[in-house]
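Now for the letters of each chain:
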Amino acid sequence: MMINQTDTKIEKEKSIRFENLISLRKKMESNQVNREIIKIAEFLDSNGINKNGPMITATFGEEIVDGKHIVDMEILVPIDGKVSLPKPYVFKELFHLVHAVYARNVGDIENLEKIYYDLQKYIEDNSLQRITAVYLVHVNDEYVMHGEIPIIDVYMGVNPSIL
């Protein structure tokens, strides 16, 4: 079902499912995120592991430490099979998010803040209870570096119970 919330097209009861993922969750300076993504890509390449879907990111918290912006973030990358991974990477057999509200961002990533706000407002206006981090599915991440406009799907899991 689509809902138009202040020009953000919001859908509810969405789910996403990915199997066989490499995961990196750590606290890092916000300017280190791209370096970690590059390191994951290099790790996959050097170990003959093929990416099998879009990168997913989630931010679990943010803080300022000694004047630096620190994010507690998880980066998930679907791969084409089961593997053993060295630390700091973790293998996850399944990532399955159900009963989420959703909106798509096409273009400028600065619009993501508005989408976060609109999704949170929709959740509050409809007496829903958010129960997950915000998950970003970077739909065309492999092509953005070649000049394509970024497409990012934004998901917030909500409690399916009516209370």
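Residues numbered from 1 in each chain as written. Predicted model: local features only at pLDDT ≥ 70, side-chain atom pairs only at ≥ 80, totals over all residues. Heavy atoms only, no water.

(A) Representation of the overall build of the chain within the structure. A count of helices and strands for the chain gives 3 helices and 7 strands. Counting from the amino terminus, the chain carries its helices and strands in the arrangement β-β-α-β-β-β-α-β-α-β. What you see for the chain is a C-alpha radius of gyration of 16 Å, in line with the 15 Å of a compact globule of 163 residues. With an accessible surface of roughly 9800 Å², the chain has 49% of that area assigned to carbon and sulfur atoms. Computed over 18 positive and 25 negative side-chain charges, the separation of the two mean positions in the chain equals 4 Å. (Helix = DSSP H or I, 4+ residues; strand = E, 2+ residues; numbered from the N terminus. Rg over C-alpha atoms; globule rule 2.2 N^0.38 Å. Areas by Shrake-Rupley, 256 points an atom, 1.4 Å probe, with all protein chains shown as cover. Lys, Arg positive; Asp, Glu negative; His and termini not counted. Charge placed at Lys NZ, Arg CZ, Asp CG, Glu CD.)

(B) Spatial organisation of the pairing of strand S7 (residues 151–158). Among the 8 residues that make up S7, 7 are buried, leaving the element largely enclosed by the rest of the structure. Pairing analysis gives 7 bridges linking strand S5 (residues 90–106) to S7, with the strands arranged antiparallel. Residue Val-106 lies in a different strand from S7, and its bridge partner there is Ile-151. Summarising the sheet, strand S6 (residues 130–138) and S7 pair through 6 bridges and their orientation is antiparallel. The partner of Val-134 across the bridge, within S7, is Met-156. (Buried < 20%, exposed > 50% of the residue type's maximum accessible area, 1.4 Å probe, protein only. Pairing = 2+ DSSP bridges.)

(C) Structural view of the environment of Lys-87. Mapping Lys-87 onto the fold places it in the loop between strand S4 (68–78) and S5. Considering only alpha carbons, one finds Lys-87 and Leu-24, 63 residues apart in sequence, at a separation of 8.9 Å.

(D) Broad picture of the nonpolar core. The biggest cluster of nonpolar side chains holds 16 residues, and the ones touching the most others in it are Ile-22, Ile-40, Phe-43, Leu-44, Ile-75, Val-77 and Tyr-89. Residue assignment for this core shows that the elements contributing at least two residues are strand S2 (8–29), helix H1 (33–46) and S4. With residues up to four places along the chain from it excluded, the contact list for Ile-22 reads Ile-40, Phe-43, Leu-44, Ile-75, Leu-76, Val-77, Ile-79, Leu-85, Tyr-89 and Val-90. (Core = buried A, V, L, I, M, F, W, Y, C linked by side-chain atoms within 4.5 Å. Contact = heavy atoms within 4.5 Å.)

(E) Geometry of the layout of surface pockets. In this structure, the largest pocket occupies an estimated 1400 Å³ of space. Lining the largest pocket are 41 residues, with Val-33, Asn-34, Ile-37, Met-55 and His-138 sitting closest to its centre. Residues that form the lining of the largest pocket fall into these classes: 25 nonpolar, 9 polar and 7 charged. Around the second largest pocket sit 15 residues that line it, and His-99, Leu-128, Asn-159, Ser-161 and Ile-162 are the ones nearest its centre. If you list the elements that add at least two residues to the lining of the second largest pocket, you get S2 and S5. Looking at the lining of the second largest pocket residue by residue, the class counts come to 7 nonpolar, 6 polar and 2 charged. (1 Å grid on protein atoms, 1.4 Å probe; cavity = no way out; pocket = protein on both sides within 12 Å on 5 of 7 lines; lining within 4 Å. Points joined across faces, edges and corners; volume = space filled by probe spheres on them. Nonpolar A, V, L, I, M, F, W, Y, C, P; charged D, E, K, R; others polar.)

(F) Just the side chain of Glu-36, in detail. Of note, Glu-36 is situated in helix H1. In terms of polar contacts, Glu-36 uses its side chain to reach the side chain of Lys-26, at 2.9 Å. (Polar contact = N/O pair within 3.5 Å; in protein donor to acceptor, adjacent residues only side chain to side chain.)

(G) Geometry of the packing of aromatic side chains. Scanning all chains against the criterion turns up 3 aromatic pairs. Each ring, one from Phe-43 and one from Tyr-89, has its centre 5.0 Å from the other, and the planes form 40°; the classification is tilted. In this pair, Phe-43 is assigned in helix H1 and Tyr-89 in the loop between S4 and S5, connecting sequence segments 46 residues apart. Accessibility assignment for this pair places Phe-43 and Tyr-89 in one class, buried. Residues Tyr-102 and Tyr-155 carry aromatic rings whose centres are separated by 5.0 Å and whose planes lie at 50° to one another, so their mutual orientation is tilted. Pair noted here: Tyr-102 is in strand S5 and Tyr-155 is in strand S7, with a separation of 53 residues, a long-range link. In this pair, the class of Tyr-102 matches that of Tyr-155, namely buried. For Lys-14, the ring lying beneath its charged end belongs to Tyr-102, and the centroid distance is 4.9 Å. Against the face of Phe-60 rests Arg-25, its NZ or CZ located 3.8 Å from the ring centre. (Phe/Tyr/Trp six-rings, centres within 6.5 Å; stacked < 30°, edge-to-face > 60°. Lys NZ or Arg CZ within 6 Å of the ring centre and 35° of its normal.)

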